[in-house]
Every structure is written in C-alpha cells, then in structure tokens.
Amino acid sequence: MKLLTIALLLITPIFAFGQGEKDSDLDRKIKTLEVRNQKLLSELNSVKQSNKRLESTVSSMSERIQGEISKSQELQAQNERAMNLALVEFSKKFEKQNETVKGVQDSLDSKFNKQLIFFFLGMAIVVVIAVVSTKSASKSAMKQNVANWNDFQEHLLKK
C-alpha cells in the first residue's frame, strides 16, 4: 500500500498541472473581465460626475432664466404703467382740446349768427329803401306825367 500511495502522490502533481492550464485560461478571462469591469466603473464614475456638473449647470441656468423672466416681467409692468399714465395724460389733453374747440366753435357760431342777422337786416333795409324810393320815384314821375299831360291838353285846347 505504501507503494501505491507513493505512486499516487507522484502522479497527482501531473494531473494538478493539467488542471492548472485550464485554470490559467479561466484566470486570464476573469482578469480580462475584471479589467473591463474596472474600466466600466471608471467610465460610470466619470459619467456620474458629468451628470452632476450638467445638473448643477442646468439648475444655475434655470435660476438665471427665472431671474431674467422676473426682471422682464417687472420691466413690462413698468412699461404698462408708463403707457397707462401717458394714455391718461393724452386723454386729459384731448378732452381739454375738445373743450377748447367746442368753445371756439360756439363763438364762431354766435358770430356767424350775428353776421347772418345783420346781413338779413341790411338786406331788409335795402329792400325797404328800394321800395320806398321806387314808390317815391313812381309818384313823382306820375305827378310829372300828369302835369305834362295836363299841359299838353291845355296846349291842345288853346289851339
């Protein structure tokens, strides 16, 4: 049995080396996978860091945009207030101008009416004077014609 045990112990390392080659191939594959896993982990870490930087950039941009939006809204509100004030002032000036124009128009209307009345009175006076002078001229012409007729008849009768 001793001999068998010694022979068995001598043959066992040979088989161990045979399995060692298979293990070394497997170890090489494991090491390759571990290296690849390390590379992927480092890439994942760099992607996470990039993601964090992008998130912080996005949040800062979002805050800046919100600030700009609020500034532009404030500016728009100020512009609207200024526009409303300008419109109110324009409305007041427009009303004042309308009142002035109405006063001028009323004044012109009253002056025109007075001129129209004076014109018609003048025309009436001219018509009355023309009628009176025509009647007077007609009467005097009639008297003269009657006198001439009478003189003519006396002259004819004397002959």
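One can find the structure itself at the top, above this paragraph.
Below: a short report on this structure. Every residue gets a number counted from 1 within its own chain, in the order that chain's sequence is written. Only residues with pLDDT of at least 70 are given local features in this predicted model, and only at 80 or more are side-chain atom pairs given and counted; all residues enter the totals for whole chains, interfaces and linings. Hydrogens and water are ignored here; the side-chain numbers use all heavy atoms of the structure.

**Overview of the overall build of the protein**
Then, number 1: Put simply, DSSP H or I for four residues or longer makes a helix, DSSP E for two residues or longer makes a strand, and each gets a number counted from the N terminus. Helices and strands together make up the secondary structure of the protein, namely one helix and zero strands.
Then, number 2: Oriented by its inertia axes, the alpha-carbon framework of the protein measures out at about 220 × 35 × 15 Å.
Then, number 3: Expressed as a percentage of the 159 residues in the protein, the buried residues total 0%.
Then, number 4: Surface accessibility follows the Shrake-Rupley procedure with a 1.4 Å probe radius. Residue values consider only the protein chains on display as shielding. Carbon together with sulfur atoms contributes 65% to the accessible area of the protein, which is approximately 15200 Å² in total.
Then, number 5: Averaged over its 24 positive side-chain charges, the protein has a centre that lies 8 Å from the centre of its 18 negative ones. Only protein chains enter the accessibility calculation, which uses a 1.4 Å probe; a residue whose area is less than 20% of its type maximum is buried, one above 50% is exposed, and one in between is partly exposed. When charges are counted, Lys and Arg are positive and Asp and Glu negative, with His and the chain ends excluded. A charged residue contributes its charge at one atom only: NZ of Lys, CZ of Arg, CG of Asp or CD of Glu.

**Quick look at a nonpolar patch on the surface**
Then, number 1: Only residues whose relative accessible area exceeds 30% and that form no salt bridge enter a patch; like-charged residues are grouped when within 9 Å of one another, and nonpolar side chains (Val, Leu, Ile, Met, Phe, Trp, Tyr) when within 5 Å. Any Lys or Arg side-chain nitrogen located within 4 Å of an Asp or Glu carboxyl oxygen qualifies as a salt bridge. Side chains of F112, L116, F119, F120 and M123 sit close together on the surface and give an oily, nonpolar patch of about 520 Å² of accessible area.
Then, number 2: Looking at the secondary structure, you find M123 in helix α1 (residues 2–158).

**Considerations on the packing of aromatic side chains**
The way to describe two aromatic rings as a pair is by their centre distance and the angle between their planes.
Then, number 1: Geometry of aromatic contacts follows a simple scheme: Phe, Tyr and Trp rings, the Trp one being its six-membered ring, pair when their centres are within 6.5 Å, and the pair is stacked under 30 degrees between planes, edge-to-face over 60, tilted otherwise. Inspection of the entire model under this criterion finds three aromatic pairs.
Then, number 2: Each ring, one from F90 and one from F94, has its centre 6.1 Å from the other, and the planes form 20°; the classification is stacked. Here the residue F90 and the residue F94 both occupy positions in helix α1, the gap between them amounting to four residues, near one helical turn.

**A word on the environment of M123**
Then, number 1: Exposure remark for M123: the relative accessible area of 39% places this residue in the partly exposed category.
Then, number 2: Linking M123 and K52, residues 71 residues apart in sequence, is a C-alpha distance of 102 Å.

**Concerning the environment of I11**
Then, number 1: With respect to the helices and strands, I11 occurs in helix α1.
Then, number 2: For I11, a relative accessible area of 41% translates into the label partly exposed.
Then, number 3: Sequence separation between I11 and L75 is 64 residues; the distance between their C-alpha atoms is 94 Å.

In short, shape yes, function no, at least from these values alone.
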